[in-house]
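Notes for the structure review
Each chain is listed here by its residues.
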Amino acid sequence: MNKYVILIILAAVIIGAGVVYRGVIQDDAAKGIDTGVVRELTVIAKKNEWRFVPEEFEVNQGDTIKMTAINEDDYDHGIAIEAAGVSQKMPANSTVTFEFKVTKAGDYPFYCSVPCGEGEVNGVHRGHVDMIGVIHARSLVETE
Ligand SMILES: [Cu+2]
């Protein structure tokens, strides 16, 4: 076979592989994937503790999160998850639910978005700024 034909075939294979990589593999990682799973999570603002319980969640990249947020306090809180574009009020003594999707792998930190005071909890000072947590989204995309 002519060596130029071999070179052209080789070039076509390399370019083709590049197109497949960018079109399929890279897009999944960059744009996010959808598992079709709806994961129900519950987070509680514990009464007079300035604490979210639990403070950590594990989910998969691509999950839809249906979150129930319970405020046990007689005063307002809020929950903000900036990486997911969530900002939700948690009025006193109420339960709210909201949905969002974790399209990308990684950490989605959350925090209380309403200044809610401070106090002593079992001799330890706690307050608004201590109301933080994180949702860990496991990657479903092979990286090698
Ligand atoms: Cu708060």
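The text that follows walks through the structure, step by step, so that each part is easy to find. (Residues numbered from 1 in each chain as written. Predicted model: local features only at pLDDT ≥ 70, side-chain atom pairs only at ≥ 80, totals over all residues. Heavy atoms only, no water.)

1. Quick look at the overall build of the protein chain
Regarding its fold elements, the protein chain presents one helix and eleven strands. Walking the protein chain from its N terminus toward its C terminus, one meets helices and strands in the order α-β-β-β-β-β-β-β-β-β-β-β. Burial analysis of the protein chain (144 residues in total) assigns 33% to the buried set. A separation threshold of at least 6 residues defines the contact pool for the protein chain, and within that pool the share at least 24 residues apart is 70%. (Helix = DSSP H or I, 4+ residues; strand = E, 2+ residues; numbered from the N terminus. Buried < 20%, exposed > 50% of the residue type's maximum accessible area, 1.4 Å probe, protein only. Contact = heavy atoms within 4.5 Å.)

2. Regarding the coordination of the copper ion
Donor atoms from the polypeptide that bind the copper ion are His-77 (ND1), Cys-112 (SG), Cys-116 (SG) and Met-131 (SD), placed at 2.0 to 2.6 Å. Classification of the site at the copper ion as tetrahedral follows from its four donor atoms and the range of 93 to 123 degrees in their angles at the metal. On the basis of relative accessible area, Cys-112 is assigned to the buried category, the value being 4%. (Donors = N, O, S within 2.8 Å, 3.2 Å for Na, K, Ca; no water. Tetrahedral: all angles 85-135°; square planar, octahedral: opposite > 155°, others 65-115°.)

3. Some thoughts on the sheet that holds strand S1 (residues 38-45)
Taken together, four strands build an open sheet; the order of strands is S2-S1-S4-S7 and the sheet is mixed. The strands lining the two open edges of the sheet, one partner per strand, are strand S2 (52-53) and strand S7 (94-101). Two strands pair when backbone bridges link them, and strand S4 (residues 64-71) and S7 are joined in this way by eight bridges, in the antiparallel orientation. Across the sheet, Lys-66 pairs through a bridge with Glu-99, a residue of S7. (Pairing = 2+ DSSP bridges.)

4. Concerning the environment of Phe-57
Inspection of the secondary structure puts Phe-57 in strand S3 (residues 56-60). Among all residues touching Phe-57, those that are not within four sequence positions of it are Leu-41, Thr-42, Val-43, Met-67, Phe-110, Val-134, Ile-135 and His-136.

5. Looking at the side chain of Asn-60
Residue placement: Asn-60 occurs in strand S3. Within the structure, Asn-60 has its side chain in polar contact with the side chain of Arg-138 (distance 2.9 Å). Excluding residues that lie within four positions of it along the chain, Asn-60 makes contacts with Arg-39, Val-102, Ala-137, Arg-138 and Leu-140. (Polar contact = N/O pair within 3.5 Å; in protein donor to acceptor, adjacent residues only side chain to side chain.)

6. Topic: the pattern of salt bridges
Going through the model one piece at a time under the given rule, you end up with five salt bridges. Note that Asp-34 and Lys-101 form a salt bridge whose closest N and O atoms lie 2.9 Å from each other. You can see Asp-34 sitting in the loop between helix H1 (3-31) and S1 and its partner Lys-101 sitting in strand S7, a full 67 residues away along the chain. The class for Lys-101 is partly exposed, based on a relative accessible area of 35%. Ionic pairing is found between Glu-58 and Arg-138, a salt bridge with its closest N-O pair at 3.4 Å. Taken as a pair, Glu-58 in strand S3 and Arg-138 in strand S11 (residues 132-138) lie far apart in primary sequence, 80 residues in all. Arg-138 sits in the partly exposed class, given a relative accessible area of 39%. (Salt bridge = Lys/Arg side-chain N within 4 Å of Asp/Glu carboxyl O.)

7. Side note on the environment of Ala-69
Among the secondary structure elements, Ala-69 is positioned in strand S4. Relative accessible area serves as the criterion here: at 1%, Ala-69 is assigned to the buried category. When the C-alpha positions of Ala-69 and Gln-88 are compared, they lie 9.2 Å apart, and in sequence the two are 19 residues distant.

8. Observations regarding the packing of aromatic side chains
The tally for this structure, following the rule as stated, stands at four aromatic pairs. With 6.1 Å between their ring centres and 20 degrees between their planes, Trp-50 and Tyr-75 make a pair best called stacked. With Trp-50 in the loop between S1 and S2 and Tyr-75 in the loop between S4 and strand S5 (77-81), this pair connects stretches of sequence that are 25 residues apart. The exposure class of Trp-50 is buried, given its relative accessible area of 7%. Its relative accessible area of 24% is what places Tyr-75 among the partly exposed residues. Here a set of aromatic residues connected by ring pairs shows up, and it is made of Phe-52, Phe-57 and Phe-110. (Phe/Tyr/Trp six-rings, centres within 6.5 Å; stacked < 30°, edge-to-face > 60°.)

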